[in-house]
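Structural features, examined
Here are the chains, one letter per residue:
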Protein chains: 2
Amino acid sequence: MTTYQHILVALDFEKQSTLVANKARQLALQNEAKLSAIHVIEPLIESSYLAFDGTISTDLMPIQEELESSASAQLIKLAAGIDLAEENQFIKVGRPADTIHQLSEQLSCDLIVIGSHGRHGLGLLLGSTANAVLHGAKCDVLAVRVND
Amino acid sequence: MTTYQHILVALDFEKQSTLVANKARQLALQNEAKLSAIHVIEPLIESSYLAFDGTISTDLMPIQEELESSASAQLIKLAAGIDLAEENQFIKVGRPADTIHQLSEQLSCDLIVIGSHGRHGLGLLLGSTANAVLHGAKCDVLAVRVND
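Residues numbered from 1 in each chain as written. Chains lettered and ligands numbered in written order. Predicted model: local features only at pLDDT ≥ 70, side-chain atom pairs only at ≥ 80, totals over all residues. Heavy atoms only, no water.

1. Points about helix H1 (residues 17-31) of chain B
Residues and elements named next belong to chain B.
- The end-to-end C-alpha distance of H1, which contains 15 residues, comes to 21 Å, matching closely the 21 Å that a straight helix rising 1.5 Å per residue would cover.
- All of the buried residues along H1 are Ser17, Val20, Ala21, Lys23, Ala24, Gln26, Leu27, Ala28, Gln30 and Asn31.
- Looking one or two places after H1, you find Glu32, whose phi comes out positive at around 50°. (Helix = DSSP H or I, 4+ residues; strand = E, 2+ residues; numbered from the N terminus. Expected span 1.5 Å × (residues − 1). Buried < 20%, exposed > 50% of the residue type's maximum accessible area, 1.4 Å probe, protein only.)

2. What about the interface of chain B and chain A?
- Listed as interface residues are 30 residues of chain B and, on the opposing side, 30 residues of chain A.
- Both faces combined, the contact of chain B with chain A buries some 2,500 Å², and carbon together with sulfur accounts for 53% of it.
- On inspection of chain B and its partner chain A, the count reaches 2 salt bridges.
- One salt bridge connects Asp140 of chain B with Lys23 of chain A, and the closest N-O pair in it is separated by 2.7 Å.
- Joining chain B to chain A, the criterion identifies 10 residue pairs in polar contact (both at pLDDT 80 or more).
- Of the residues forming the side of chain B that touches chain A, the biggest block, 6 residues, is contributed by strand S5 (residues 140-145) of chain B.
- Among the residues forming the side of chain B that touches chain A, the class breakdown is 13 nonpolar, 12 polar and 5 charged.
- Where strand S5 (residues 140-145) of chain A lies against S5 of chain B, 3 bridges are found, and the strand directions are antiparallel. The residue of S5 of chain B that forms the bridge with Leu142 of chain A is Leu142 of chain B. (Contact = heavy atoms within 4.5 Å. Buried area = accessible area lost by both parts, 1.4 Å probe. Salt bridge = Lys/Arg side-chain N within 4 Å of Asp/Glu carboxyl O. Polar contact = N/O pair within 3.5 Å; in protein donor to acceptor, adjacent residues only side chain to side chain. Nonpolar A, V, L, I, M, F, W, Y, C, P; charged D, E, K, R; others polar. Pairing = 2+ DSSP bridges.)

3. Structural notes on the relation of the copies chain B and chain A
- At an RMSD of 0.0 Å, chain B and chain A line up after a rotation of 180° and a shift of 0.0 Å along the axis. These values place the two chain copies in the arrangement generated by a two-fold rotation axis. It is Leu142 of chain B whose C-alpha, among those of chain B, lies nearest the rotation axis, at 2.1 Å.
- By residue overlap, the copies meet face to face through one surface: 100% of the interface positions of chain B are interface positions in chain A. (Least-squares fit on C-alpha atoms with pLDDT ≥ 70 in both.)

4. Here we look at unusual backbone geometry
- Here the phi dihedral of Asp83 of chain A falls at roughly 55°; this positive angle occurs in a residue that is not glycine.
- Turning to its location among the elements, Asp83 of chain A is positioned in the loop between helix H2 (61-81) and strand S3 (89-93).
- Judged by relative accessible area, Asp83 of chain A falls into the exposed class, the value being 59%.
- The phi dihedral of Ser108 of chain B falls on the positive side, at around 55°, and the residue is not glycine.
- Following the sequence through the fold, Ser108 of chain B ends up in the loop between helix H3 (96-106) and strand S4 (111-116).

5. A few points about the sheet that holds S3 of chain A
- As summarised here, the arrangement of the 10 strands in space is S3(A)-S2(A)-S1(A)-S4(A)-S5(A)-S5(B)-S4(B)-S1(B)-S2(B)-S3(B), forming an open sheet in which the pairing is mixed. The open sheet terminates on both sides in strands that have one partner only, identified here as S3 of chain A together with strand S3 (89-93) of chain B. Going from strand to strand, the sheet's axes swing by 25° on average, the running direction of each strand aside.
- Helix-sheet contacts for helix H2 (residues 61-81) of chain B involve strand S2 (34-41) and S3 of chain B, and the interaxial angle to S3 of chain B is about 155°.
- Sitting on the sheet, H3 of chain B is in contact with strand S1 (6-10), S2, S3 and S4 of chain B, with an inclination near 150° to S2 of chain B. (Axes fitted to C-alpha atoms, helices over the stretch in contact; angles between N-to-C directions.)

Okay, here's the thing in structure tokens:
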């Protein structure tokens, strides 16, 4: 009997992303589950940057594109380490938790794997991505403890 | 290769505890890991109930004992369903997240499994046990989605 059919791992490219990716892969193998990976880029171009006529007051477009292309390169590298085909790699722009929930529902994932710093105090008050993903997730969430 | 060696499942005896217990058991089997279970009873007897001379103003002791014995009976029943030996069942009195962290560290667990209601809004602001367990956990945390 397997517990999960489709696992989505959320990767932030911080130091211990490889650990998170490897645990997700291990669980996918144990469950004979499909594995997908997502990296979310927070948008540089928020509505606050828009001028009154709706145009962008500062040209952030090239920087945004640069970020996306750099993220793609990093995801491809990380995905290669866990034998993840390109069609199962997703780069999305948006608010991290919402974007992860959205893709997880689109793909009918039953487990989201995400790194968690386990911060106390201010970090807890401000909330973390792992915490935000936990709330509102329609499936199980595995928070993999990573050191700060 | 196995990912986890000792899994601690936190059970609250709500409707879907069996689901949470079964997922924990499944993961333990997949990882050839040891499995322990904890149920935390929040103390009825808080310091606010103490009279000025340090004695308890209302006799809550029998109620507290009744709660503990009822919890024991429920844990034994749930544990039987997942083949869990008595020495791996723990009933503790305290603040849920702190008590779960404490036992998890004492037992050197590397994964805590807990049910999560995934509540939004007020529930998120007030915090949930799953959220509190996630923060401050020194190991991985699997939040199993249960319906409200």
